[in-house]
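The residues making up each chain are set out below.
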Amino acid sequence: MLYSNLSVNDLGHLAIAGIDACELAETFGTPLYVLDEDRMRGKCRTYVEAMRNYLPVGSMPLFASKTLCFKGIYPVVQSEGMGADVVSAGEIATALAAGFPADLLYFHGSNKTDAEIAYGVAKGVGHFVVDNVDELEALSREAQSRGITQKVLLRVTVGLDPHTLAAINTGKVDSQFGVPIETGQALQFVRQALATPGVEVEGYHSHIGSQIFEATSFCDQVDRLLAFACDVRDELGFVAGAFNLGGGFAVPYVEGDAQVDIAANIKAISEHLKKGCEEANYPMPRILTEPGRSIVADSGVTLYSAGRIKTIEGYRSYVMVDGGMTDNPRYALYKSAYTVLNASRANAPEDFACTIAGRCCESGDRIAEDICIAKPERGDVIAVLTTGAYNYAMSSNYNRVLRPALVMISGGKARLAVRRQTVEDLLDLEL
Ligand SMILES: *Cc1c(COP(=O)(O)O)cnc(C)c1O
């Protein structure tokens, strides 16, 4: 099995953290998102401990809310000693509704509205990650009108091209996120921010992309951030107290993908930065990271029921499931690879070549193409692994398909954390 929390039980069914996947499907219905909370907690701990061990006081990981945002995730994040990054008023409201402390929130977004800025300030969001000069000015107006000083990090682009998908590569100069160092605009940005009333600059933020396997990309990132910080010190006399390195660590989605050793990578990046700081005689800043995918992706499994199984002689077979691009648009968006299992026949030979299709009226509605699973019958439970990140968060009501329920597993017990959407929920919006 791809992950250590998965096994096959005596009935030949897939078990997730010891719980029979077919039983989960029976109890809660399908499609169903299943999140192994204990496994997720392990990931949180790896980050918190590694950052505590290798980095200055005040360093901490922030959970990237966009990967999986619902109320039930925040108590987990908080009790593991993490902060959180948020990218909209909706994510802020969700975190606060769960009792998450506002001062541990870092507010992102390349195009925050005035209303969102006002909301974030009013709610006491600890840090704004200011993306651009327009936002800086709007934030300054808002903070001044309330008579407060808002702590900020300034988002810069370091001009790196890590080997990942173009759609999730954010470190290049040509990006809608942040202010580029290369063009000299980032220096101007800092100059202006330092002179702006109502904001206090604590340091810099940079996020180079997602699903990145090599620690070297992050070492290049800290080199560039540090070089920039030194330039700012020389030009403006400002010494940054914090670097936020964003998220980005990869997780294996299919057999053969590399496993990133998070603790070892954090150690390597920390040592690299420490050495750089010593050489440049720059005080080591506190470090923030924003892991999302590497916290939740491989703690999530989606369960579907197989419906129609269609074989086109001489072409291919389709296994159609009762969800698809509405609960997991990542194959349609990026052709992302997934591991698919027949959870009802987890011991049977995986010799049925097929394409897993969803239920929307779109030829692009697929979860995986040309894979092999144990030959299913109508009603079998089909499991798709690694769906903890960017699935529930990206789900839609296209074709008026309802959003699945989400179940969390902890201590060998499953509990409903998000109920299944109903037709009434949909119609509620309509006058
Ligand atoms: C997407 C994103 C993250 C999370 O990235 P992962 O690869 O999921 O860890 C963190 N920070 C920012 C600013 C992001 O845009």
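Only a predicted model underlies this, so the values are computations on that prediction, with no experimental measurement involved.

About the cut-offs
Residues numbered from 1 in each chain as written. Predicted model: local features only at pLDDT ≥ 70, side-chain atom pairs only at ≥ 80, totals over all residues. Heavy atoms only, no water. Helix = DSSP H or I, 4+ residues; strand = E, 2+ residues; numbered from the N terminus. Rg over C-alpha atoms; globule rule 2.2 N^0.38 Å. Buried < 20%, exposed > 50% of the residue type's maximum accessible area, 1.4 Å probe, protein only. Contact = heavy atoms within 4.5 Å. Areas by Shrake-Rupley, 256 points an atom, 1.4 Å probe, with all protein chains shown as cover. Lys, Arg positive; Asp, Glu negative; His and termini not counted. Charge placed at Lys NZ, Arg CZ, Asp CG, Glu CD. Near = heavy atom within 4 Å. Polar contact = N/O pair within 3.5 Å; in protein donor to acceptor, adjacent residues only side chain to side chain. Nonpolar A, V, L, I, M, F, W, Y, C, P; charged D, E, K, R; others polar. Arc of directions from axis to C-beta. Axes fitted to C-alpha atoms, helices over the stretch in contact; angles between N-to-C directions. Parallel < 35°, antiparallel > 145°, perpendicular 65-115°, else oblique. Core = buried A, V, L, I, M, F, W, Y, C linked by side-chain atoms within 4.5 Å. Domains from an automatic or database assignment. Salt bridge = Lys/Arg side-chain N within 4 Å of Asp/Glu carboxyl O. Buried area = accessible area lost by both parts, 1.4 Å probe. Pairing = 2+ DSSP bridges.

Section: the overall build of the protein
Part 1: A tally of helices and strands in the protein yields 12 helices and 21 strands.
Part 2: Its C-alpha radius of gyration of 23 Å places the protein within 12% of the 22 Å reference for a compact globule of 431 residues.
Part 3: Each of the three principal axes of the protein carries a C-alpha extent, and together these read 70 × 55 × 45 Å.
Part 4: The buried share of the protein, reckoned over its 431 residues, is 55%.
Part 5: At a minimum sequence separation of 6, the contacts of the protein that also span at least 24 residues come to 69%.
Part 6: With the model as given, the accessible surface of the protein reaches about 17800 Å², and the carbon-plus-sulfur share is 49%.
Part 7: Of the side-chain charges in the protein, 38 are positive and 53 negative, and the distance between the mean point of each set is 3 Å.

A closer look at the site of the ligand
Part 1: Lys 66, Ser 210, Glu 290, Arg 293 and Tyr 390 are the nearest of the 16 residues found near the ligand.
Part 2: A distance of 3.0 Å is found between an oxygen atom of the ligand and a backbone nitrogen or oxygen belonging to Gly 248.
Part 3: Interatomic distance of 2.8 Å between a backbone N/O atom of Arg 293 and an oxygen atom of the ligand.
Part 4: Coverage of the ligand by the protein chains reaches 93% of its 380 Å² of free accessible surface.
Part 5: Residues of the shell around the ligand, tallied by class, amount to three nonpolar, eight polar and five charged.

Considering helix 7 (residues 185-194)
Helical geometry: 3.6 residues make up each α-helical turn, so side chains three or four residues apart lie on a common side.
Part 1: Buried within helix 7 we find Ala 186, Leu 187, Phe 189, Val 190 and Ala 193. Taken around the axis of helix 7, the buried residues stretch over an arc of 155°, which confines them to a single face.
Part 2: Next to the buried residues of helix 7 lie strand 8 (127-130), helix 6 (133-146), strand 9 (150-157), strand 10 (179-180), strand 11 (199-205) and helix 8 (215-236).

A word on the packing of helix 6 against helix 7
Part 1: Contact geometry of helix 6 with helix 7 gives a least axis separation of 11 Å together with a crossing angle of 5°. Relative to helix 7, helix 6 is oriented roughly parallel. Between helix 6, through Val 133, Leu 136 and Glu 137, and helix 7, the contact on the second element is made entirely by Phe 189, Gln 192 and Ala 193.
Part 2: Grouping the constituent residues of the contact of helix 6 with helix 7 by class yields four nonpolar, one polar and one charged.

Concerning the nonpolar core
Side chains that are nonpolar tend, in soluble globular proteins, to be buried together.
Part 1: Residues Ile 73, Tyr 204, Phe 243 and Ile 356 are the most contacted members of the largest nonpolar core, which totals 98 residues.
Part 2: Per element, the largest residue contribution to this core is nine residues, and it comes from helix 8.
Part 3: No fewer than three residues from each of domain 1 (6-36 + 297-427) and domain 2 (108-291) sit in this core.
Part 4: For Tyr 204, the residues in contact, after removing those within four places along its chain, are Leu 153, Leu 154, Val 190, Leu 225, Phe 228, Ala 229, Val 232, Phe 238, Ala 240, Ala 242, Phe 243 and Asn 244.
Part 5: Ranked by size, the runner-up nonpolar core spans 22 residues in total, among them Leu 14, Cys 22, Leu 341 and Ala 383.

Quick word on the pattern of salt bridges
Part 1: Overall, the coordinates contain 18 salt bridges when judged by the stated rule.
Part 2: Taking the shortest distance from any N to any O, the salt bridge between Lys 275 and Glu 279 comes out at 3.8 Å. Remark: Glu 279 and Lys 275 occur in helix 9 (residues 262-280); sequence separation between them is four residues, near one turn of the helix.
Part 3: Classification of Lys 275 by relative accessible area gives exposed; the value is 54%.
Part 4: For Arg 400, the salt bridge is made with Glu 430, and the minimal N-O distance between the two is 2.5 Å. Here Arg 400, found in the loop between strand 19 (381-385) and strand 20 (405-410), pairs with Glu 430, found in the segment after helix 12 (423-427); they are 30 residues apart in sequence, far enough to count as distant.
Part 5: Among the residues examined, Arg 400 registers a relative accessible area of 47% and is labelled partly exposed.

Here we look at the domain arrangement of the protein
Part 1: Domain parsing of the protein yields domain 1 (6-36 + 297-427) and domain 2 (108-291).
Part 2: With nine residues of domain 1 at the interface, the matching set in domain 2 holds nine residues.
Part 3: Both sides together, the interface formed by domain 1 and domain 2 hides about 720 Å², and carbon and sulfur atoms give 59% of it.
Part 4: The largest contributions to the domain 1 side of the interface with domain 2 come from Tyr 334, Ala 337 and Thr 386, which together make up 50% of the buried area.
Part 5: Put simply, domain 1 and domain 2 have zero salt bridges between them.
Part 6: Counting every contact that joins domain 1 to domain 2 gives one residue pair in polar contact (both at pLDDT 80 or more).

Concerning the sheet that holds strand 2 (residues 14-16)
Part 1: In space, the three strands of this open sheet follow the order 1-2-3, with antiparallel pairing throughout. With one partner strand each, in any of the chains shown, strand 1 (6-8) and strand 3 (19-20) form the two edges of the open sheet.
Part 2: Note that strand 1 and strand 2 share three bridges and pair antiparallel. The partner of Ser 7 across the bridge, within strand 2, is Ala 15.

Here's the deal with the side chain of Gln 421
Part 1: Residue position: Gln 421 is located in the loop between strand 21 (413-418) and helix 12.
Part 2: With a relative accessible area of 15%, Gln 421 lands in the buried category.
Part 3: Polar contacts involving the side chain of Gln 421 include one to the main-chain amide nitrogen of Arg 403, which spans 2.8 Å.
Part 4: Ignoring anything within four residues of it in the chain, the contact list for Gln 421 reads Asn 397, Val 401, Leu 402, Arg 403 and Leu 426.

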